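Chain residues, written in single-letter form:
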Amino acid sequence: PETVENLTPAGAERVAELVLDRLARLGDPVWDQEPDILEVSGQLMDVSKLVGERVDAFAGKVRAKDVQRLLASDSVQLDKAGLDSFDALVVATALGGRSSSMRYLTLNGNRGFGPSGGRALASMLAAPRQRLISLLLAGCSLGDEGVEAVAEALRSNRCLQILDLRQNGASDSSACALAAAIGDNMVLESLYLNNDVWAAEEHRNTIGDEGCWALAFALAEGHPSLKVSLIGNRVSDDAKAKLKDTVGRRIRV
């Protein structure tokens, strides 16, 4: 395969692991000479060129010290690094299977993630080894598909307390999926679905009354500590006025 788009999902995951192996050993001349072998349909393929290109691409976007923090620290900020959906898979693979010490991950502004990146990060949130407390994904173009994948992962996650999904093109569908997940998650404390005032229209969340009430009822029925921000969405004035009677100030609109 010449690009990661030509790989099966399982193949992409294996290539992400190989990329991590090389990132962890950047500059090691012995390691650099080892071929990268991928098994596809019972056949062994040399994917060294593809892995090398993806290592160079990731290292060109992320500083060496932040690569090391990703692999071994408790926090890393990769805001607006120009990461794409495969880079999201590399990050998810690092946290889902290697860097169990990571607690705070900031990925705001990586619009190249898209729905595929959202799915990759969702799989990381569902991994039993990861221990993230805070995940910031504002402005990552996840769309409903990506946000709904994250919502599904929240059902089994037992450690995440802060989730930032500002301006990701999320609609009522995303809000309803998150509301359904809240019933199985008593750990999350802060959920940001708002839009910053400067956010471009094409990136803004567009949650209306349907999604707002779904979240409100979920909070009222069984989540005592969660607070949600929907500021800058499409909630009607009538719904805003009635919300206080249902959940007080736990949903900001």
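Now for a look at the structure at hand. Quick caveat: nothing in here was measured; it's all calculated off a predicted structure. (Residues numbered from 1 in each chain as written. Predicted model: local features only at pLDDT ≥ 70, side-chain atom pairs only at ≥ 80, totals over all residues. Heavy atoms only, no water.)

1. Focus: the packing of aromatic side chains
For step 1, the next point in the chain: One pass over the full model with this rule turns up 1 aromatic pair.
For step 2, the next point in the chain: Look at W213 and F217: their rings are 5.6 Å apart centre to centre, the planes differ by 25°, and that puts the pair in the stacked class. With W213 and F217 both in helix α9 (residues 209–222) and 4 residues apart, the pair spans about one turn of that helix. (Phe/Tyr/Trp six-rings, centres within 6.5 Å; stacked < 30°, edge-to-face > 60°. Helix = DSSP H or I, 4+ residues; strand = E, 2+ residues; numbered from the N terminus.)

2. Some details on the nonpolar core
For step 1, the next point in the chain: Core analysis: the largest hydrophobic core is formed by 78 residues, its most contacted members being L107 and L215.
For step 2, the next point in the chain: Considering each element in turn, this core owes the most residues, 8 residues, to helix α5 (residues 85–97).
For step 3, the next point in the chain: For L215, the residues in contact, after removing those within four places along its chain, are A175, L178, A179, I182, L193, V228, L230 and I251. (Core = buried A, V, L, I, M, F, W, Y, C linked by side-chain atoms within 4.5 Å. Buried < 20%, exposed > 50% of the residue type's maximum accessible area, 1.4 Å probe, protein only. Contact = heavy atoms within 4.5 Å.)

3. Let's talk about the sheet that holds strand β4 (residues 104–106)
Adjacent strands of a sheet pair through backbone hydrogen bonds, lying either parallel or antiparallel.
For step 1, the next point in the chain: Taken together, the 7 strands give an open sheet; going across it, the order is β3-β4-β5-β6-β7-β8-β9, and neighbouring strands pair in parallel fashion. On the outer flanks of this sheet lie β3 (75–77) and β9 (251–252), each paired with one strand and no other. (Pairing = 2+ DSSP bridges.)

4. What about the pattern of salt bridges?
Once the charged atoms of two side chains with opposite charge are near each other, the side chains can pair.
For step 1, the next point in the chain: By the definition in use, this model includes 15 salt bridges.
For step 2, the next point in the chain: Taking the shortest distance from any N to any O, the salt bridge between R14 and E17 comes out at 3.0 Å. Here R14 and its partner E17 are both found in helix α1 (residues 9–24), 3 residues apart, which amounts to about one turn of the helix.
For step 3, the next point in the chain: In this structure R14 comes out as partly exposed when scored by relative accessible area, which is 32%.
For step 4, the next point in the chain: When the shortest N-O distance is used, the salt bridge between E53 and K49 registers 2.6 Å. Highlighted residues: E53 and K49, both in helix α3 (residues 48–61), separated by 4 residues, approximately one helical turn.
For step 5, the next point in the chain: By relative accessible area, which is 64% here, K49 ends up exposed.
For step 6, the next point in the chain: Through salt bridges with shared partners, a single network forms among R54, K61, D84 and D87. (Salt bridge = Lys/Arg side-chain N within 4 Å of Asp/Glu carboxyl O.)

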